[in-house]
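# Structural features, examined
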Amino acid sequence: MTPERLEGRPTPRQCHALLDHSDWRALSTAASALRERGWGSCVSYSRKVFVPLTQLCRDVCHYCTFAQTPGRLAKPYLEPEDVLRIAREGAALGCKEVLFTLGDRPELRYARAHEALSALGFATTLAYLEHVAGLVLRETGLLPHLNPGLMSADDLARLRHVAPSMGIMLESAAERLCERGGPHFGSPDKLPARRLETLRLAGEARIPMTSGILIGIGETRRERIDALLALRELSDRYGHLQEIIIQNFRAKPGTKMQRAPEPSSDDLCWTVAAARLIFGPHMSIQAPPNLYGGDLTELIAAGINDWGGVSPLTPDHVNPEAPWPHLDRLAAETARAGCDLVERLTVYPRYVQAHGEWIADEVRGSILRLSDGAGWARVGCWHAGAAEPANADDLRDVPLMATPRAANMTGLIERAASGVQLTECEIAELFTARGADFVRVCETADALRQQTVGDTVTYAVVRNINYTNICLYKCGFCAFSKGRTHEHLRGAPYLVDHDEIQRRVREAWERGGTEVCMQGGIHPSFTGHTYLEICRKAKQAQPEIHIHAFSPLEVSHGARTLGISVGEFLDELKLAGLSSLPGTAAEILDDEVRRDLAPDKLGTQEWLSVVAQAHRAALPTTSTIMFGHIDGYEHWARHLLLLRQLQQQTGGFTEFVPLPFVHMEAPMYLRGRARQGPTLREALLMHAVARLVLHPFIRNVQASWVKLGPQWAQRCLQAGANDLGGTLMNESISRAAGSVHGQELAPAQMQELIRALGRPHRQRTTLYGDANADRIACAERSPPLHELYNAPCARTPVDTARDVRRDVGPLHLGRVR
């Protein structure tokens, strides 16, 4: 049977039939197609440091130069300070993995090993490994990957709390290689059954594992297939094998196999292709690039999707004669094969995304901190709201131009740009765009922006008024609210009084403002009357000001406390002066995410219902997404589709505003339960993909300078965005979360950013009309802001609610009329 005629998972008999094809090129078309089906254009690697904890080993593999006798080593084990030094040097170079390689239980063979362990305070090598891996995890945040050889169930149970992944190479399933004259004779830990048992126990323990085979040590091709089938059976049973390594034997001077022939490049490629066909599209197939003497693109053609660990610091201690390729060269070779080099963690994306099942609690925070929204490694040092500029890794991830090659997503991008509604899976795929695809998504979104709203970049002169940071809700992402669980975070509890609200409204008008945006925490003493009175006071201060206020959560709260419907309360708010609503508190419109993110907030359908009722009441709203925390690309896709569908029904959204998660002071991040916000690539893609997906229904896409920083807000204007939002004058919520991008971006600064792109600018109103000449003139000569007065409030929400109940009774105060 030809490989192209294989349908579904090949049977063992079909796998053995691959032996009929001696040339790997006969297998490569089917193997390459499977790789592309499972991994797209991504070929991954892990940036690591290599820690040879001990080179003592009780085994005597006839090809190995890593294992040494005690007399040839200065000291039997690296000490904790040595390990931490290597890890810290690696962290400084952007490494995320610490690969611990060591011999199998040397204390069972060498008295010196036993003595050295005793001096360190440990009885076994594995106990010492557990200690130093825990030190690395806790003190550097890097992720240990452990290759200690055979392990018992108890060993695995202990080690999974200090390492997210482990590995043990099967090498071969041929027991004859352990007999006299074979490469594993005298190596009790290389018995295939014992190694398969360790892998089985790791499956029971739900540990992501690496395994693979070593080719060219005397096995036949049939025996290679047998070994791969044994690994496939374990993978099918437990789902824990995350990658299969196909490693070629290298003859080394000083070993018993120094004159043994090495497998050819063609033989390695054949085995890679066979492994891909045996395991199918979704298994990661790896071949180390430093051990391949041919054209690296051949390995990709044969079916690999991963290069393994590559270190910018330490050598390959197992194969010291073969230096790692420089990452720039590896990226270039990968691009030459029509693929994108993608950095991964020690655990692959599907295990990161299912971290609740696969990753121990002690390790989970580090995994989330180092991962992006798809479960790949987070690259670069850019963070939403942070002062640190983008570094070279960030910039490589967001190219303005890419290596010339066909964009794989061209058809998908063109369908979106034509206004066709994509599926959730198709939208999620757009967020995976890298390299040429990333460039194409951004360029198409920018062209669609020009076609839809022209080249003019808009902005508004507005003032934010956050009237209280006291809140009954316990949203895990929010560093602004001051409840009992958030008292240690930035800023003291406050409640702005009516006089101060009116003063800020008047000052905003004097400085050219056309809008005040008013939101706050859900203070336990607030009722619908509170929100109505805030509107009235603002209008009394300046009748012409546009009041853009109250999230759907605040509207729902106000209606509930007055015992009236949301629609009735919205009508009352309009009479009090409300003109539009911010579409905040949306976060991610997916109840699975919302249950963890903000469990007591409005559900998805409740949020959509309030917004739809606002639109029917002729109250336009913005739409937002707050992304980059515990969400994934499928959640972003779902969110965008819901907004598109609601806009088709109501037409009430004025714009879409992506809000990257600012992580620095967020409670859930500080507890190790969230990522560090989106990567720069993801932040730019959110604006570009939104332009495509929401077309033609939502015309305006806004870049939040307070989250992105001016430089990257400007870049978003080249990726589908057409609006820079408001000058703000005061900004409290992002600043409380740790953002350092300031409280105001003056009109002159806005205009300078826009002019640098060669584009015209326009000062707008909330509803995208033109600001009149008087407002523009006032904005140009605006005086400095006066100091704010936030009246302190020492009581917690629970204390305040108790007082309110005592003084005025329940919060359901009856109808407003």
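Residues numbered from 1 in each chain as written. Predicted model: local features only at pLDDT ≥ 70, side-chain atom pairs only at ≥ 80, totals over all residues. Heavy atoms only, no water.

Moving on to the sheet that holds strand β12 (residues 515–519). If you trace the four strands from one edge of the open sheet to the other, you get β11-β12-β13-β14, paired in parallel fashion. Two strands close off the open sheet at either side, each with one partner strand: β11 (462–466) and β14 (578–580). Geometrically, the sheet is characterised by an average inter-axis angle of 40° between neighbouring strands, direction not taken into account. Summarising the sheet, β11 and β12 pair through five bridges and their orientation is parallel. The residue bridging Val-462 from the neighbouring strand is Glu-515, located in β12. Most of the contacts of helix α20 (residues 528–541) go to strand β13 (residues 546–549), to which it runs at about 155°, and overall it touches β12, β13 and β14. (Pairing = 2+ DSSP bridges. Helix = DSSP H or I, 4+ residues; strand = E, 2+ residues; numbered from the N terminus. Axes fitted to C-alpha atoms, helices over the stretch in contact; angles between N-to-C directions. Contact = heavy atoms within 4.5 Å.)

In this section: the packing of helix α24 (residues 604–616) against helix α25 (residues 633–650). As a packed pair, α24 and α25 sit with axes 11 Å apart at the nearest point and diverge in direction by 25°. When the interaxial angle is binned, α24 and α25 end up roughly parallel. As α24 runs across α25, the sense of the crossing is right-handed. Packed against α24, whose contacting residues are Thr-604, Trp-607, Leu-608, Val-611, Ala-612 and His-615, the element α25 presents Leu-642, Leu-643, Leu-646 and Thr-650 at the interface. (Parallel < 35°, antiparallel > 145°, perpendicular 65-115°, else oblique. Left-handed = near helix turned anticlockwise from the far one by under 90°.)

Applying the stated criterion to the full structure yields 51 salt bridges. Across the pair Arg-47 and Asp-393 runs a salt bridge whose closest N-O atoms are separated by 3.5 Å. Of this pair, Arg-47 sits in strand β1 (residues 42–54) while Asp-393 is found in helix α15 (residues 392–397), placing the two residues 346 residues apart along the sequence. Comparing Arg-47 with Asp-393, the two get one shared label, buried. Of the charged contacts, one joins Arg-434 and Asp-372 as a salt bridge, the two residues approaching to 3.5 Å between their closest N and O atoms. In this pair, Arg-434 is assigned in the loop between α17 (424–430) and α18 (435–453) and Asp-372 in the loop between α14 (361–369) and α15, connecting sequence segments 62 residues apart. With a relative accessible area of 4%, Asp-372 lands in the buried category. The structure contains a network of salt bridges with shared partners spanning Arg-463, Glu-500, Arg-503, Arg-504 and Glu-507. (Salt bridge = Lys/Arg side-chain N within 4 Å of Asp/Glu carboxyl O. Buried < 20%, exposed > 50% of the residue type's maximum accessible area, 1.4 Å probe, protein only.)

By size, the foremost hydrophobic cluster in this structure holds 151 residues, and its most contacted members are Met-518, Phe-550 and Leu-573. Among the elements that take part in this core, helix α27 (residues 680–694) stands out by supplying eleven residues, more than any other. When sequence neighbours within four positions are dropped, the list of residues in contact with Leu-573 reads Tyr-531, Leu-532, Cys-535, Phe-550, Val-555 and Leu-578. Counting residues in hydrophobic clusters, the runner-up holds 91 residues, among them Leu-142, Met-166, Ile-246 and Leu-330. (Core = buried A, V, L, I, M, F, W, Y, C linked by side-chain atoms within 4.5 Å.)

In helix packing, the relevant descriptors are the interaxial angle and the interaxial distance, both defined with respect to the helix axes. One way to put it is that helix α21 (residues 552–562) packs onto helix α22 (residues 566–576) with a least axis distance of 9 Å and a crossing angle of 105°. Overall, the two elements α21 and α22 adopt an arrangement that is roughly perpendicular. Side by side, α21 and α22 meet where Val-555, Ser-556, Gly-558, Ala-559 and Leu-562 of the first sit next to Val-566, Phe-569, Leu-570 and Leu-573 of the second. Classifying every residue of the contact of α21 with α22 gives seven nonpolar, two polar and no charged. (Nonpolar A, V, L, I, M, F, W, Y, C, P; charged D, E, K, R; others polar.)

Turning next to the packing of aromatic side chains. With the rule as written, the count across this model stands at 13 aromatic pairs. Relative to Trp-636, the ring of Phe-431 has its centre 5.0 Å away and its plane inclined at 85°; by these criteria the two rings are edge-to-face. Here Phe-431, found in the loop between α17 and α18, pairs with Trp-636, found in helix α25; they are 205 residues apart in sequence, far enough to count as distant. Residue Phe-431 is classed as buried on the basis of its relative accessible area of 1%. Look at Trp-636 and you get buried, because its relative accessible area is 0%. Through pairs of rings, three or more aromatic residues link up here, namely Phe-431, Phe-627, Tyr-633 and Trp-636. The residue whose ring lies beneath Arg-221 is Trp-270, and the NZ or CZ to ring-centre distance is 4.2 Å. (Phe/Tyr/Trp six-rings, centres within 6.5 Å; stacked < 30°, edge-to-face > 60°. Lys NZ or Arg CZ within 6 Å of the ring centre and 35° of its normal.)

One open sheet holds the three strands; their spatial order is β17-β10-β18, and the pairing between them is parallel. Looking at strand neighbours, the two that pair on one side only are β17 (723–726) and β18 (761–764), the edges of this open sheet. Taking the axes of each pair of neighbouring strands and ignoring which way they run, one obtains an average angle of 20° across the sheet. Pairing analysis gives four bridges linking strand β10 (residues 457–460) to β18, with the strands arranged parallel. Looking at the pairing, Tyr-459 lines up with Gln-763 of β18.

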